[in-house]
Amino acid sequence: MTPPLVSRRLIAVSLMALAAGVAACGQGAPAEKAEGEAAAADYERGPHRGRMLRDGDFALEVTIYEDGPEPLFRLYPYLKDKPIDPRQVQAAITLGRLGPKTDRFAFTPENDYLTGPGVVSEPHSFDVAVTATHAGAQHRWTYASYEGRTTIAADAARAGGVTVERVGPAVLGETLPLTGRVEITPEGQAEVHARYPGRVMSLNVQLGTRVSRGQVIARVESSESLQTYAITAPISGMIVAKNVNVGSITGSGEPMLMIGDPTRLHAEFLLYPRDAERVRAGQPVTVKSLAGDYTFNGRIEAVLPSTDLTSQVLIAHVDLPFQGGVWRPGLGVSGVVQVGAGEVPLAVRTKALQPFRDFTVVYARFGTTYEVRMLELGRRTPEWTEVLGGIDPGVEYVVDGAFLIRADVEKSGASHDH
């Protein structure tokens with residue numbers, strides 16, 4: 001008799017932080033059971049802590065031996081609860097997996113048990129069919145042994161924000177973190193000098209004063225002609241440095257004023273020797289404010305030496321838009337520059353990765369059933385992670401909402417148990 005489905009509720013969390021109870025089903029019903037078999041969560045265990053399968057006086061204990069390099073089946077035969085010579089028994093196991101995929105094992109005697117030569121690959125989640133022959137009598141059992149599996153209705157998954165993609169190739173970009181600050185570009189700065197040496201007779205601006213190109217900002221009396229002439233702003237912008245006051249004598253070579261245009265900005269990132277050779281003009285870069293409130297995707301415009309001739313540090317320049325003033329001169333910024341890229345044959349979204357037992361997994365979707373896939377991973381970037389094994393190309397896996405699937409799996413009680 002098939003045990004009833006286990007009902008559970010999936011709590012769907014929306015982006016607006018509204019919680020709604022969503023009805024969801026539990027793990028799928030087990031396969032047909034032989035008469036007298038206990039429920040999957042309450043089966044009889046044998047002397048080796050395996051699953052005890054009985055048919056009359058004959059019994060077979062099914063275990064997965066996991067103390068070696070790879071998990072292997074071991075079968076212990078009994079007659080009237082007494083161990084018998086495994087050479088008297090022929091046995092086979094068929095595992096039906098999601099996918100669909102079928103694994104078959106034939107057994108040979110070894111010591112006091114029968115062993116299968118094939119590895120029982122993860123996840124240990126399958127519908128099991130066991131056959132055994134002893135003294136001319138044939139025995140057959142079927143049962144479900146699931147782990148990391150749950151069934152969720154399509155409507156419930158959509159309400160929970162669950163989205164999926166297919167496993168396939170992806171371009172992984174190798175990135176390098178950077179630190180720097182926002183500065184006014186050289187084209188956005190101008191020095192204001194007196195054309196002829198003399199005394200400053202009037203000064204119409206202070207630090208922070210905004211000026212327009214051609215605006216009169218000071219008057220100077222020439223020391224030679226004693227004529228007063230006007231000094232105008234060479235560019236529009238803001239007074240960012242002031243080296244004179246009324247009455248000061250000009251002509252020392254030092255600029256009277258500095259004007260900066262706060263709409264003409266770039267980020268300057270420090271490149272230390274170990275990283276400088278990897279950064280080139282034209283590489284994509286993401287600029288973020290230190291608070292993380294603002295982001296800009298641009299490209300490295302130039303890599304130039306530092307103004308400090310004794311320093312080995314280089315400066316990478318990234319032009320920034322004004323964006324209504326969100327970027328300000330002197331603002332600290334971080335950056336991530338893509339210094340290389342390569343296509344890999346198999347990858348998953350990094351945000352889809354979840355912990356499960358001692359593994360990193362994604363949740364594969366087959367219809368309305370979700371199940372863990374233990375992954376062997378390669379290179380990782382914030383967006384993509386290379387997959388070396390554990391899932392087949394083209395399989396759908398959960399990207400958004402994976403934590404909800406994980407929570408439902410944990411509630412299902414489908415544990416690593418045999």
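Residues numbered from 1 in each chain as written. Predicted model: local features only at pLDDT ≥ 70, side-chain atom pairs only at ≥ 80, totals over all residues. Heavy atoms only, no water.

Undergrad: Report on the overall build of the protein chain, specifying residues and quantitative values.
TA: From N to C terminus, the protein chain includes 3 helices and 35 strands. For the protein chain, the accessible surface area stands at approximately 21,900 Å², while carbon and sulfur atoms represent 51% of it. (Helix = DSSP H or I, 4+ residues; strand = E, 2+ residues; numbered from the N terminus. Areas by Shrake-Rupley, 256 points an atom, 1.4 Å probe, with all protein chains shown as cover.)

Undergrad: Before we move on, could you go through the nonpolar core and cite the residues and values that matter?
TA: Core analysis: the largest hydrophobic core is formed by 22 residues, its most contacted members being Phe 73, Leu 75, Ile 93, Leu 95, Phe 107 and Val 130. Taken together, the elements giving at least two residues each to this core come down to β4 (58-65), β5 (72-79), β7 (89-97), β11 (126-134) and β12 (137-145). Sequence-distant contacts of Ile 93, that is, excluding residues within four places in its chain, are made with Val 62, Phe 73, Leu 75, Asp 103, Arg 104, Phe 105, Phe 107, Val 128, Ala 129 and Val 130. Core analysis: the second largest hydrophobic core is formed by 21 residues, Leu 265, Val 279, Val 326 and Trp 327 among them. (Core = buried A, V, L, I, M, F, W, Y, C linked by side-chain atoms within 4.5 Å. Buried < 20%, exposed > 50% of the residue type's maximum accessible area, 1.4 Å probe, protein only. Contact = heavy atoms within 4.5 Å.)

Undergrad: Account for the sheet that holds strand β21 (residues 237-242), naming residues and giving values.
TA: Pairing is antiparallel across the open sheet formed by 4 strands, whose spatial order is β16-β23-β21-β18. Looking at the sheet topology across the chains shown, the edges are occupied by β16 (189-192) and β18 (210-211). Relative to β21, β18 is paired through 2 bridges, and the arrangement is antiparallel. The partner of Val 211 across the bridge, within β21, is Gly 237. (Pairing = 2+ DSSP bridges.)

Undergrad: Hey, could you go over the sheet that holds strand β8 (residues 101-106) for me, with residue numbers and the actual values?
TA: The strand order β8-β7-β11-β12 describes an open sheet built from 4 strands, whose pairing is antiparallel. Edge positions in the sheet fall to β8 and β12, since each of these pairs with one other strand and no more. Each adjacent strand pair in this sheet contributes to an overall mean axis angle of 15 degrees, direction not counted. Where β7 lies against β8, 6 bridges are found, and the strand directions are antiparallel. Bridge pairing in β8 places Leu 95 opposite Asp 103. (Axes fitted to C-alpha atoms, helices over the stretch in contact; angles between N-to-C directions.)

Undergrad: For the confidence of the model for the protein chain, give the residues involved together with the corresponding values.
TA: When the pLDDT values of the protein chain are averaged, the result is 86; 88% of them are 70 or greater. When the criterion is pLDDT under 50, residues 1-40 qualifies, and its contacts beyond four places in sequence or with other chains add up to 86 contacts. (pLDDT = per-residue confidence, 0-100.)

Undergrad: Talk me through the side chain of Gln 283; I want residue IDs and the actual numbers.
TA: By the secondary structure assignment, Gln 283 is in the loop between α2 (273-276) and β25 (284-289). Within the structure, Gln 283 has its side chain in polar contact with the backbone oxygen of Arg 278 (distance 3.1 Å). Those residues within four positions of Gln 283 in sequence are excluded, and the remaining contacts are Arg 278, Gly 298, Arg 299, Ile 300, Val 337, Gln 338 and Val 339. (Polar contact = N/O pair within 3.5 Å; in protein donor to acceptor, adjacent residues only side chain to side chain.)

Undergrad: Could you give an account of the environment of Thr 381, with specific residues and numbers?
TA: Along the chain, Thr 381 falls in the loop between β33 (376-380) and β34 (384-389). Sequence spacing of Thr 381 and Thr 175 is 206 residues, and the spatial spacing of their C-alpha atoms is 7.7 Å.

Undergrad: Account for the pairing of strand β28 (residues 314-320), naming residues and giving values.
TA: Note on strand geometry: in a regular strand, side chains alternate between the two faces of the sheet. A large share of β28 lies buried, amounting to 5 of its 7 residues. As judged from the 7 bridges shared by strand β24 (residues 265-271) and β28, these two strands associate in the antiparallel manner. Residue pairing in the sheet places Leu 270 in a bridge with Ile 315 of β28. Here strand β27 (residues 302-305) pairs with β28 via 4 bridges, running antiparallel. Each residue of the ladder has a partner; that of Ala 302, found in β28, is His 317.

Undergrad: Explain the pairing of β33 residue by residue, including any values.
TA: Alignment of β33 against β34, held across 3 bridges, turns out to be antiparallel. Bridge pairing links Arg 380 to Thr 385 in β34. Remark: 3 residues form the turn of the hairpin made by β33 and β34, two consecutive strands paired antiparallel.

Undergrad: Describe the packing of aromatic side chains, with residues and values.
TA: One pass over the structure, following the stated rule, counts 6 aromatic pairs. Centroid distance Phe 73 to Phe 105: 5.2 Å. Interplanar angle 80 degrees. Geometry classified as edge-to-face. In this pair, Phe 73 sits in strand β5 while Phe 105 sits in strand β8, placing the two residues 32 residues apart along the sequence. Pair check on accessibility: Phe 73 and Phe 105 agree, each one buried. The rings of Phe 73, Phe 105 and Phe 107 are connected pair by pair, giving a single aromatic cluster. When the ring centre of Tyr 43 is taken as origin, the NZ or CZ atom of Arg 51, which lies over that ring, is 3.9 Å away. (Phe/Tyr/Trp six-rings, centres within 6.5 Å; stacked < 30°, edge-to-face > 60°. Lys NZ or Arg CZ within 6 Å of the ring centre and 35° of its normal.)

Undergrad: Account for unusual backbone geometry, with residues named and values stated.
TA: The peptide bond linking Gly 99 to Pro 100 adopts the cis configuration, its omega dihedral lying at -10 degrees. Tracing the chain through its elements places Pro 100 in the loop between β7 and β8. Of the consecutive residues Glu 122 and Pro 123, the connecting peptide bond is found in the cis state with omega at -5 degrees. For Pro 123, the location among the structural elements is in the loop between β10 (113-115) and β11. A positive phi angle is found at Gln 323, which is not glycine, with a value near 50 degrees. The backbone of Arg 357 shows a phi angle near 50 degrees, a positive value even though the residue is not glycine. Summarising the element assignment, Arg 357 is placed in the loop between β30 (354-356) and β31 (359-366).

Undergrad: Before we move on, can you summarise the pattern of salt bridges with the specific residues and values?
TA: When charged atoms on two side chains of opposite charge get close, those side chains can pair. Taken as a whole, this structure holds 21 salt bridges when the rule is applied. Among the ionic pairs, Asp 85 bridges to Arg 87, the shortest N-O distance being 2.8 Å. Notably, a salt bridge pairs Glu 386 with Arg 379, separated by 3.6 Å at the nearest N-O pair. Salt bridges sharing partners connect three or more residues here, namely Glu 44, Arg 54 and Asp 81. (Salt bridge = Lys/Arg side-chain N within 4 Å of Asp/Glu carboxyl O.)

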